[in-house]
Amino acid sequence: MNLEFQLPFGQWVEVAIDWIVTTFAGFFAVLQVALQSCNDFLYNALAFPPNWVLIILIMALAWAMRGWRLALGALIGLSFIIAVGQWDNSLRTLALVLVASAMALLIAIPLGIWAGRSDRASRVLRPILDFFQTMPAMVYLIPALILFGVGVVPGIFATVLFALPPGVRMTELGIRGVDSEMVEAGRAFGSTPGRILRQIQLPLAMPSIMAGVNQVIMLSLSMVVIAGMVGASGLGQEVTTSLGQADIALGFEAGMSVVVLAMLLDRITGSIGKRKLNPTWVKITAIVVVIAMIVANVLTGSGITSNKHENGDDRVVTIGVFNGWPESVVTSELLKYVLEEQGYTVNLEYGDPAPVFTGLQNGTYDLTTNVWLPITHESYMDEYGQELVDLGSWYDEARLTFAVNADAPIDSLDQLAANADKFGNRIVGIEPGAGLTKITQEELIPGYGLEGMDYVLSSTPGMLTELRTAQSKGENIVVTLWAPHWAYSEFDIKNLEDPQGLLGGNESIHIFGSSDFEQRYPTLSEWLGDFEMAEEPFSDLANIIFNENANADPAPLVADWVEENREWVDGLDLARLQP
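Numbering of residues starts from 1 in each chain and follows the order in which that chain's sequence is written. Local features in this predicted model are restricted to residues whose pLDDT is 70 or higher, and side-chain atom pairs enter the listing and the counts only when it is 80 or higher, whereas totals over whole chains, interfaces and linings include all residues. Calculated side-chain values reflect all of the structure's heavy atoms, with hydrogen atoms and water omitted.

Can you lay out the overall build of the chain for me, pointing to particular residues and giving the numbers?
Per the convention used, a helix needs a DSSP run of H or I reaching at least four residues, while a strand needs a run of E reaching at least two, with both numbered from the N terminus. Check the secondary structure of the chain and you find 24 helices and nine strands. All radius of gyration figures rest on C-alpha atoms, and the globule criterion is 2.2 Å times the number of residues raised to 0.38. Taking 2.2 N^0.38 as the reference for a compact globule, 579 residues should give roughly 25 Å; the C-alpha atoms of the chain span a radius of gyration of 28 Å, in line with that estimate. Partly exposed residues are those whose accessible area sits between 20% and 50% of the maximum for their type, while under 20% is buried and over 50% is exposed, using a 1.4 Å probe and protein chains only. Relative to its full complement of 579 residues, the chain shows a buried share of 49%. All accessible-area figures derive from a Shrake-Rupley calculation using a 1.4 Å probe, and residue coverage is judged against the displayed protein chains alone. Here the chain displays about 27,700 Å² of accessible surface, and carbon together with sulfur accounts for 59% of that area. Residues scored as charged are limited to Lys and Arg (positive) and Asp and Glu (negative), so that His and the chain ends carry no count. Charged groups are reduced to one reference atom each: NZ for lysine, CZ for arginine, CG for aspartic acid, CD for glutamic acid. Placing the 30 positive and 64 negative side-chain charges of the chain at their respective mean positions leaves the two points 23 Å apart.

Tell me about helix H14 (residues 326-341), and please be specific about residues and values.
Residues that lie three or four places apart on an α-helix share one face, since the helix turns once every 3.6 residues. Expected helix span is taken as 1.5 Å per residue step, with the number of steps being one fewer than the number of residues. Taking 1.5 Å as the rise per residue, H14 with 16 residues should run 22 Å; its terminal C-alpha atoms sit 23 Å apart, in good agreement. Buried residues of H14: Pro-326, Glu-327, Ser-328, Val-329, Val-330, Thr-331, Ser-332, Glu-333, Leu-334, Leu-335, Val-338 and Leu-339, and no others. Downstream of H14 by a residue or two, Gly-343 has a phi angle that is positive, lying close to 100°.

An account of the pattern of salt bridges is requested, with residue identities and associated values reported.
Salt bridges, as used here, are contacts in which a Lys or Arg side-chain nitrogen is within 4 Å of a carboxyl oxygen on Asp or Glu. Overall, the coordinates contain 17 salt bridges when judged by the stated rule. A salt bridge links Lys-494 to Asp-411; the shortest N-O distance between them is 2.7 Å. Of this pair, Lys-494 sits in strand S8 (residues 493-495) while Asp-411 sits in the loop between strand S4 (389-405) and strand S5 (426-428), placing them 83 residues apart in sequence. On the basis of relative accessibility, which here comes to 42%, the residue Asp-411 falls in the partly exposed class. Two residues, Glu-563 and Arg-566, come together in a salt bridge whose shortest N-O distance is 2.8 Å. Classification of Arg-566 by relative accessible area gives partly exposed; the value is 24%. It is possible to trace a salt-bridge network through shared partners that takes in Lys-308, Asp-314, Asp-366, Asp-516 and Arg-520.

Run through the packing of helix H3 (residues 51-66) against helix H4 (residues 68-83), naming residues and quoting values.
Between N-to-C directions, angles cover 0 to 180 degrees, with each direction set by a line fitted to C-alpha atoms, over the stretch in contact for helices. It is at 7 Å that the axes of H3 and H4 come closest, and there the two elements cross at 150°. Classified by the angle their axes make, H3 and H4 are roughly antiparallel. Relative to H4, the crossing made by H3 is right-handed. Contacts between H3 and H4 pair Asn-51, Ile-55, Ile-58, Met-59, Ala-62, Trp-63 and Arg-66 from the former with Trp-68, Leu-70, Ala-71, Ala-74, Leu-75, Leu-78 and Ile-82 from the latter. The class makeup of the residues in the contact of H3 with H4 is 12 nonpolar, one polar and one charged. Roughly parallel covers angles under 35 degrees, roughly antiparallel covers those over 145, roughly perpendicular covers 65 to 115, and oblique covers all other angles. We call a crossing left-handed when the near helix sits turned anticlockwise from the far one by less than a right angle, and right-handed when that turn is clockwise. Contact criterion: two residues are considered in contact whenever any of their non-hydrogen atoms come within 4.5 Å of each other. Residue classes follow a fixed rule: Ala, Val, Leu, Ile, Met, Phe, Trp, Tyr, Cys and Pro count as nonpolar, while Asp, Glu, Lys and Arg count as charged, and any other residue, Gly among them, counts as polar.

Quick one: what's the story with a negative patch on the surface, residue by residue and with numbers?
Each patch is built from residues lacking any salt bridge and having more than 30% relative accessible area; the joining distance is 9 Å for like charges and 5 Å for nonpolar side chains (Val, Leu, Ile, Met, Phe, Trp, Tyr). On the surface, Glu-14, Asp-18, Glu-378, Asp-382 and Glu-383 cluster together to form a negatively charged patch. Counting only elements with at least two residues in the negative patch, the list comes to helix H1 (9-23) and helix H16 (378-384). Broken down by element, the negative patch gets its largest block of residues, three residues, from H16. Looking at the secondary structure, you find Asp-382 in helix H16. Residue classification places Asp-382 among the exposed positions, given a relative accessible area of 62%.

Please give an account of the pairing of strand S2 (residues 345-351) that cites residues and values.
Taken residue by residue, a regular strand's side chains alternate between the two faces of the sheet. For S2, the buried fraction is high: five of the seven residues fall into the buried class. Pairing between two strands requires that DSSP report at least two bridges joining them. Two elements, strand S1 (residues 316-322) and S2, share seven bridges in a ladder whose sense is parallel. By the bridge assignment, Gly-320 is partnered in S2 with Glu-349. With the strands aimed away from the viewer, a crossover counts as right-handed if its path from the first strand over the helix to the second runs clockwise. Chirality of the crossover, the property in question, places the unit of S1, H14 and S2 among those that are right-handed.

Give a description of the packing of aromatic side chains that names residues and reports values.
Side-chain rings of Phe, Tyr and Trp, where Trp is taken by its six-membered ring, are said to pair if the distance between their centres is within 6.5 Å; with planes under 30 degrees apart they count as stacked, over 60 as edge-to-face, and otherwise as tilted. Within this structure, the stated rule accounts for 18 aromatic pairs. Judged by centre distance (5.8 Å) and plane angle (65°), the ring pair of Phe-131 and Phe-132 falls under edge-to-face. According to the relative accessible area criterion, Phe-131 is partly exposed, its value standing at 46%. Here Phe-132 falls in the buried class, since its relative accessible area comes to 18%.

Any chance you could break down the packing of helix H6 (residues 119-134) against helix H8 (residues 152-176) for me, citing the residues and the numbers?
Here H6 crosses H8 at 150°, and the two axes come no closer than 9 Å. With respect to the hand of their crossing, H6 and H8 are arranged in left-handed fashion. Residues Asp-119, Ser-122, Arg-126, Leu-129, Asp-130, Phe-132 and Gln-133 of H6 pack against Leu-161, Pro-165, Pro-166, Val-168, Arg-169, Glu-172 and Arg-176 of H8. Of the residues in the contact of H6 with H8, the class split is six nonpolar, two polar and six charged.

Which residues make up the side chain of His-377, and what values go with them?
Summarising the element assignment, His-377 is placed in the loop between strand S3 (367-373) and H16. Judged by relative accessible area, which is 1%, His-377 ranks as buried.

I'd love a proper account of unusual backbone geometry, names of residues and values included.
Cis geometry marks the peptide bond from Leu-373 to Pro-374, where omega comes out at 15°. When you line up the elements, Pro-374 lands in the loop between S3 and H16. Of the consecutive residues Ala-483 and Pro-484, the connecting peptide bond is found in the cis state with omega at 10°. Mapped onto the fold, Pro-484 is located in the loop between strand S7 (478-483) and helix H19 (487-490). Its identity as a non-glycine residue notwithstanding, Asn-425 has a phi of 55°, on the positive side. On the secondary structure map, Asn-425 appears in the loop between S4 and S5. One non-glycine residue, Asp-573, lies in the positive phi region at around 60°.

Go over the nonpolar core, please, and point to the residues and values.
Judged by nonpolar contacts, the single largest core of 163 residues is most densely connected at Leu-524 and Trp-527. Sort the elements by how many residues they give to this core and helix H5 (residues 87-117) lands first, with 12 residues. Residues within four places of Trp-527 in sequence aside, it is in contact with Leu-335, Val-338, Leu-339, Leu-572, Asp-573, Leu-574, Arg-576 and Leu-577. Throughout, nonpolar core names a set of buried Ala, Val, Leu, Ile, Met, Phe, Trp, Tyr and Cys residues whose side chains join them through atoms within 4.5 Å.

Quick rundown of the side chain of Asn-419? Include the residues and the values.
Mapped onto the secondary structure, Asn-419 falls in the loop between S4 and S5. A 3.5 Å cut-off defines polar contacts: any pair of N or O atoms within that distance qualifies, except that in protein one atom must be a possible hydrogen donor and the other a possible acceptor, and neighbouring residues in sequence count only when both atoms are side-chain atoms. Polar side-chain contacts of Asn-419 include one of 2.7 Å to the backbone oxygen of Gln-415.

Worth remembering: the numbers are spatial, not functional.
Shown next as C-alpha cells:
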C-alpha cells in the first residue's frame, strides 16, 4: 500500500536536537570541559609511569582478584599490545572506558535502586531502558557529534547512553531479589528505609549489582571502539582507520588489543565482590593511586612549550583526514612532514567526511585538504561552508569517473545498460553518503537507463577489494571511481566515456580551514593559498604509499620521498613560513 503522506519523524527529532543544542549550550560546554578534563587526567596518570610499572600493577591486581593464572595472562596480553605498537592507543581506550563506565554507573545504580524499591519508577524506566538498549549503537554518535563535535567527549557521551541499561536493570534485579522477610525483619526492629537499604538490601544485592558493573564496562569498551568514527582516539580510531584503508594488519593488531583489554576488564571486574578485601588496604591503595595521578598530571604538564610559532602562527596544527581518500592521506602526510620541518607540530585525525567537516565547524580541526568543488562536496558546503575558510585549491583537474577493466567490451556509459549481463548486472559503488554516490543515484542511473542494474554500496575499501578480486579472476567489473587515484596505477582499468556529461567536468580540490584559521595562522594561510601539487608528484607518492608499501606507516615513506624529491619540495618556498 502506497501512502502519499509521510510522517516527518526525522525532522521532528532534528528540530528537537537543534532546540536542545541552542537552549542548553552552556550546560553542554561545561560538560564537555569536565569530561575532557577527566579523560585527560586519567590518561596522563596511566601514561606517566613506564609501561613495565603499569604491567606489574595490573598483574598484582589480577593476582589479587583471580590468582596467578590471570596475572600470567595479563603479562602475556599486555606484552603483546606493546609488541604490536598499540600501548599508547590502549591506554587512551582504557581511560575513555573507565571515565564512561564511571559516569554510567553513577547514573545507573541510583536509578536501579529507585526502580527496585518503587513499582511506579520501574514501569516508567522500563520502556526508556528498552529504547536505549535496542537503538543501534552508531545512532548514538549522531546527537553526540552535534552536541560536542568530534573527539573524545562525544565518544564518552554516546558510550554512557549505550552502556547505561544493564547497570539499571541488574541493580533493580538485585534489590528486588532480596528476601522480603529480611526487609520486614529490619523494619520490625525499627530500622529506617535508608538503613535497610545500606545494611540489608545493598549487601545482599551486591552480586547482581557487580554483574551489572561488569556488563556496563564491557558495553563501554565495545562502544568506545565504534566511537572511533567520531574522532575518539585510541584503539577505536585505529580500527576505523584500518577499515577506511583496508589495512588488515592494523585492523587485527588493534582488534587483538581490544580483545586483551576486554578479557582483563571482564575477569577482574567479574571477581570484585567475590573476594573479601581488607578495608585498610583498599583505603591505602586508593590514596596511593590518587597521589600518583596528581603527580603524573603535574609532571606531564611541566614540560609544556610555547604554543606560538616564531612567525606569529599558532604552533599546533590539527588536520582532519578523510578515511579512504588517497588524495587526503597523501597531502596531509606531506604537509605534516614539511610543516614539522619548519617548527610546527602537526596532528592528523582520521575520520569520515561528515565528522571532519563538523570538526572544522567547531574548531576541533584546523584544516582539511580534500574538499572537492563544485559538485562532490556541494552538500557539505551548503551545510558548513559559511563557517569555513577556503584557503585555495591545490589541484584543478580532479574528476569523477566510472571505470571498467581495460579489456571490457564497452567504452561508454551509454553502452552499459545493453551489456549489463556481462558485468553481472552490478555497479560497485562506495560509501552511501559520498557525493559520487548521490550523483550516480540521481543523475547517472536514470540518465543512462541503468535502473535494471544492482547498485551495490559499501565503502571505498570494499569497492577496491571487489575490483582486485575481479582483476585476479579476469572478470568484467564496473566501479565508481575518481581521479587522481592510485587505483589507476595498480589495476588495468579504463574510464567509460560520459557523452551526456552527467558526471560533470573537472573539479578542484580545495584546502579549507576553520572559521578563525586566518587569524590564528596568518603566515601559513598565505603559504597554503599558493600550495599546489600536480598529478605527477601526487601519483608518484600515492603509488609508494598505497601500492608499493600497502598498509605500511606512511610517515617514513613520505620522509624518504621528500629527500628524493628535495628539488620539488624546495619549490614550495617553505622559507616563507620562517619569521
